[in-house]
Amino acid sequence: MTQYSRLIFFGPPGAGKGTQAKMLSKECEIPHIATGDILREAIAQQTEVGQKAQAYVEKGELVPDEVLAELIRNRLQQPDAQSGWILDGFPRTLKQAQFLDQLLSELNSSYDLVIYLDVPDEILMERLLGRGRQDDTEETIRRRLDVFYNQTAELIDFYQQRNHFLQINGNRPLPEVTQQIKTAMQEGN
Ligand code: ADP
């Protein structure tokens, strides 16, 4: 099957990127590369990356671009990432997006589809407080939403100007959102 299999998911915290990405990853047998999960794991293990990232993650701030660049460079070169991937939580800044373009061209690769999951703030807050992850206190959630609008939202323009950008209303039942993403992936057939 030659459907689109190199996907970038982005959107505010709580938009449902992780949930959708996990499902599609299983179904399409492509790795789900969630930088937040990778960083939390690194923190739990207290690896070098984990130690560098910890203070930022705990405050809801962005971890420095260099740390993420290294992490993504390594991850995209793993054997399981050669036939596709879903990037969830990266890129999150313009610098990261430019780095990703450059990295993919170095690797003779590219992305197929950018999916922006759009959900209103008041719904996000409700969802995130309900989720109860360790970095999901009301204060860090507010900070992560601010960070999204101040540092990540400019990626909407960056990717919208190109082909293969899809904005999806994430404030709908999960299966409807999944279906819309799958339909877009089929366009790669
Ligand atoms: P959420 O879905 O709530 O945004 P994530 O699990 O994606 O949460 O990210 C959790 C935290 O990990 C972020 O608040 C940030 O500190 C760090 N992080 C994840 N991805 C990146 C990235 N691409 N750049 C910088 N920091 C990141």
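Before reading on, note that the structure itself is shown above.
Summarised in this report is the structure supplied together with it. (Residues numbered from 1 in each chain as written. Predicted model: local features only at pLDDT ≥ 70, side-chain atom pairs only at ≥ 80, totals over all residues. Heavy atoms only, no water.)

The next point concerns the site of the ligand. In the region of the ligand, 19 residues are neighbours, and T35, E61, G89, R92 and R144 sit closest. R92 is positioned such that a nitrogen or oxygen atom in its side chain is 2.5 Å from an oxygen atom of the ligand. A distance of 3.2 Å separates an oxygen atom of the ligand from a polar atom in the side chain of R133. A total of 560 Å² of accessible area belongs to the ligand in isolation, and the protein chains cover 96% of it. When grouped by side-chain class, the residues that make up the shell around the ligand number seven nonpolar, four polar and eight charged. (Near = heavy atom within 4 Å. Polar contact = N/O pair within 3.5 Å; in protein donor to acceptor, adjacent residues only side chain to side chain. Areas by Shrake-Rupley, 256 points an atom, 1.4 Å probe, with all protein chains shown as cover. Nonpolar A, V, L, I, M, F, W, Y, C, P; charged D, E, K, R; others polar.)

Turning to its location among the elements, D135 is positioned in the loop between α6 (121-131) and α7 (138-152). Judged by relative accessible area, D135 falls into the buried class, the value being 9%. A sequence separation of 81 residues divides D135 from Q54, and the C-alpha atoms of the two residues are 11 Å apart. Ignoring any residue separated from it by four or fewer positions in sequence, one finds D135 in contact with R40, V57, T140 and R144. (Helix = DSSP H or I, 4+ residues; strand = E, 2+ residues; numbered from the N terminus. Buried < 20%, exposed > 50% of the residue type's maximum accessible area, 1.4 Å probe, protein only. Contact = heavy atoms within 4.5 Å.)

So, on to the side chain of T152. Among the structural elements, T152 can be located in helix α7. The buried category is assigned to T152, whose relative accessible area is 3%. From its side chain, T152 meets the backbone oxygen of R92 in a polar contact 2.7 Å long. Leaving out residues up to four positions away in the same chain, T152 has contacts with F10, R92 and V147.

Within strand β4 (residues 113-118), five of the six residues are buried, which leaves it mostly tucked inside the rest of the structure. In this sheet, β4 lies alongside strand β1 (residues 6-10) in parallel orientation, the contact comprising four bridges. Within β4, the position partnered with L7 by the bridge is L113. Where β4 meets strand β5 (residues 165-169), five bridges bridge the pair, whose relative direction is parallel. From the neighbouring strand, L117 faces β5, where its bridge partner is I168. (Pairing = 2+ DSSP bridges.)

Treat this as a map of the structure, not an account of what it does.
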